[in-house]
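Architecture and fold: a report
If you want the building blocks of each chain, they are given just below.
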Amino acid sequence: MLRRVLGNDEAAIKRVWEAGGADALRILDIACGDCREADALGDAFNEMKAERAPDDGKPLDIQLTGIDVRAREIADANRRFGGKREDAKTGGKREAEFLTGDASKLDQHKQLGDGEAFDMVFLRHQNYWNGDRTWEEIFDQALNKLDPDGRLVITSYFDEEHRLALDAIENLGGELIVTERNKESRALKDAPGKSVDRHVAVFRKKEA
Ligand SMILES: C[S@@+](CC[C@H](N)C(=O)[O-])C[C@H]1O[C@@H](n2cnc3c(N)ncnc32)[C@H](O)[C@@H]1O
């Protein structure tokens, strides 16, 4: 799904082609919980590179940072996905670090508040419905963390929450590139109308 929504986005693809070594692809996963998407993110970008990149022999290296308020989930994420590892197929390296913190105050976070910019910022299953003010602050901080050519990717569990999040991010200075209903989305048990990564949308920052 990620490959499909980014598949026509030449600037995003170019960045994936070029990332490697000291210039790794910088990914920030906000409100990542235990970040069960860590491996899938790496795989999606490796596949994107394999599909579209010139055969330059340079594997894709990824620097993944995740943040969530829930310390227990962050400890799980660090245990399962933290540290350095190498992709068995491509030889690409991934270094991952997961931090506990309030994403509505990223600019005050001691490790993330330094103005570092990211190529991709993810908000998987954003939770606008459960606190619009907090989530507007999180969206604002997410946009502020983007490199000028970076992309913000959000996913949503249900239609109305997705629509509200799109409006909120556009009002905060995000420019919607694409939004897509995910046909492969798996229904959530006992939650009619909700499904996993039901909608996926990609934004860039509007030019000032
Ligand atoms: C619906 S869950 C999504 C978790 C994960 N991204 C996933 O898709 O499985 C929403 C997440 O937002 C986190 N969250 C809520 N408020 C937050 C805040 N102010 N700062 C950081 N994380 C927050 C919660 O702890 C929770 O893990």
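Read on for an overview of the structure. (Residues numbered from 1 in each chain as written. Predicted model: local features only at pLDDT ≥ 70, side-chain atom pairs only at ≥ 80, totals over all residues.)

Points about the site of the ligand
What surrounds the ligand is a group of 15 residues, the closest being Ala 31, Gly 33, Ala 103, Arg 124 and His 125. Residues belonging to the shell around the ligand are distributed by class as follows: five nonpolar, five polar and five charged. (Near = placed C-beta within 6 Å. Nonpolar A, V, L, I, M, F, W, Y, C, P; charged D, E, K, R; others polar.)

Looking at the environment of Glu 180
Checked against the element boundaries, Glu 180 lands in strand E7 (residues 174-181). Glu 180 gets classed as exposed once you count the C-beta atoms within 10 Å, which come to 12. Remark: the alpha-carbon pair of Glu 180 and Val 202, spanning 22 residues in sequence, is separated by 9.1 Å. Among residues more than four places away in sequence, those in contact with Glu 180 are Val 5 and Val 200. (Helix = DSSP H or I, 4+ residues; strand = E, 2+ residues; numbered from the N terminus. Buried ≥ 20, exposed ≤ 12 C-beta atoms within 10 Å, placed from the backbone. Contact = placed C-beta atoms within 7 Å.)

Here's the deal with the sheet that holds strand E3 (residues 83-86)
Pairing is mixed across the open sheet formed by eight strands, whose spatial order is E3-E4-E2-E1-E5-E6-E8-E7. Edge strands, defined here as strands with exactly one partner in the open sheet, are E3 and E7. Direction aside, neighbouring strands of the sheet carry axes that sit 20° apart on average. Two elements, E3 and strand E4 (residues 93-100), share four bridges in a ladder whose sense is antiparallel. Bridge pairing links Arg 85 to Arg 94 in E4. Strands in contact with helix H4 (residues 71-81) are strand E2 (62-68) and E4; relative to E4, the strand with the most contacts, it is inclined by about 165°. (Pairing = 2+ DSSP bridges. Axes fitted to C-alpha atoms, helices over the stretch in contact; angles between N-to-C directions.)

Observations regarding the nonpolar core
Counting residues in each nonpolar core, the largest one holds 49 residues, and the members touching the most others are Leu 25, Ile 27, Ile 30, Val 121, Ala 142 and Leu 152. Dropping the residues within four chain positions of it, Ile 30 is found in contact with Ile 67, Ala 103, Val 121, Phe 122, Leu 123, Ile 138 and Ala 142. (Core = buried A, V, L, I, M, F, W, Y, C linked by C-beta atoms within 7 Å.)

Things to note about helix H3 (residues 38-52)
Residues separated by three or four positions in an α-helix point in the same direction, a consequence of the helix having 3.6 residues per turn. The end-to-end C-alpha separation of H3 is 22 Å, in line with the 21 Å expected for 15 residues at 1.5 Å each. Among the residues of H3, those classed as buried are Ala 38, Leu 41, Gly 42, Phe 45 and Lys 49. Buried residues of H3, viewed axially, fall in a sector of 95°; they line one side. For H3, the exposed residues set more than 90 degrees away from the buried face come down to Ala 50 and Glu 51. Buried residues along H3 sit in contact with helix H2 (10-18), strand E1 (25-30), E2, H4 and E4. (Expected span 1.5 Å × (residues − 1). Arc of directions from axis to C-beta.)

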